[in-house]
Amino acid sequence: MERNNKFILFVVFLLACLQIQATTLDQSNLSWVKTVGARKAPKGQKVFLVHNYGALGDGKTLNTQSIQAAIDACATQGGGIVTFAPGEYLTGSIFVKEGVNLNIPKGVTLLGSENIEDYPDIDTRVAGLEMIWPAALINVEGQKNVMLSGQGIVKGKG
């Protein structure tokens, strides 16, 4: 029953997103762009390669723990760049932390796991409603100086 409720709420969320998208397609007023997003990029330059933390870019191995370990190490050491060797990296939810530039370079694809258990439930807001909901594929929660960069591909497989 709980899964059915989550599915219904998800459908409501998607419909709300479509409505928001339809109402924001007016390109004549983009003044809001200047009021959102980061004002500066993380300054750390140390590179943390996810394969040094056990990640495999084979498109089959679940790499959530390895990617998160690289992100955590980067944040603990004052920030820097977390990046990948070419390949396809299967993952569940990852949480980017302060000072981290998550770089997904060309030749890299992050593949979202299709197993709901790989997305922990977190407090969130969906379509204006506060609720417990599975985390996204890439999350930034209560952090500063975070960056997502690169020309790679993120396939949520949702």
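Residues numbered from 1 in each chain as written. Predicted model: local features only at pLDDT ≥ 70, side-chain atom pairs only at ≥ 80, totals over all residues. Heavy atoms only, no water.

Enquirer: Before we go on, may I ask you to explain helix α2 (residues 64–76) in this structure?
Expert: One full turn of an α-helix is made of 3.6 residues, so residues set three or four places apart face in the same direction. End to end, α2 covers 18 Å across 13 residues, agreeing with the expected 18 Å (1.5 Å per residue, within 8%). Listed as buried for α2 are T64, S66, I67, Q68, A70, I71, A73 and C74. Immediately downstream of α2, the backbone of G78 shows phi near 95°, a positive value. (Helix = DSSP H or I, 4+ residues; strand = E, 2+ residues; numbered from the N terminus. Expected span 1.5 Å × (residues − 1). Buried < 20%, exposed > 50% of the residue type's maximum accessible area, 1.4 Å probe, protein only.)

Enquirer: Sorry if this is basic, but what is going on with the sheet that holds strand β12 (residues 153–155) here?
Expert: Reading across the sheet, the four strands line up as β2-β4-β7-β12 and stay open at both edges, with parallel pairing between neighbours. Here the strands that pair on one side only, and so sit at the sheet edges, are β2 (58–62) and β12. In this sheet, adjacent strand axes meet at a mean angle of 20° when their direction is disregarded. Pairing geometry for strand β7 (residues 108–112) and β12, over three bridges, is parallel. Directly across from L110, in β12, lies its bridge partner V154. The sheet contacts of α2 involve β2, β4 (87–91) and β7, and relative to β4 the element is tilted by about 95°. (Pairing = 2+ DSSP bridges. Axes fitted to C-alpha atoms, helices over the stretch in contact; angles between N-to-C directions. Contact = heavy atoms within 4.5 Å.)

Enquirer: Help me out: how do you make sense of the pattern of salt bridges in this one?
Expert: Between side chains of opposite charge, a pair can form when the charged atoms approach closely. Following the criterion strictly, the structure yields two salt bridges and no others. Of the charged contacts in the structure, one is a salt bridge between K97 and D72, with a shortest N-O distance of 2.8 Å. Residue K97 is found in the loop between β5 (94–96) and β6 (100–103), and its partner D72 is found in helix α2; the two are separated by 25 residues along the sequence. The exposure class of D72 is partly exposed, given its relative accessible area of 25%. For R125, the salt bridge identified is with E130, shortest N-O distance 2.6 Å. Exposure class is identical for R125 and E130. Each is exposed. (Salt bridge = Lys/Arg side-chain N within 4 Å of Asp/Glu carboxyl O.)

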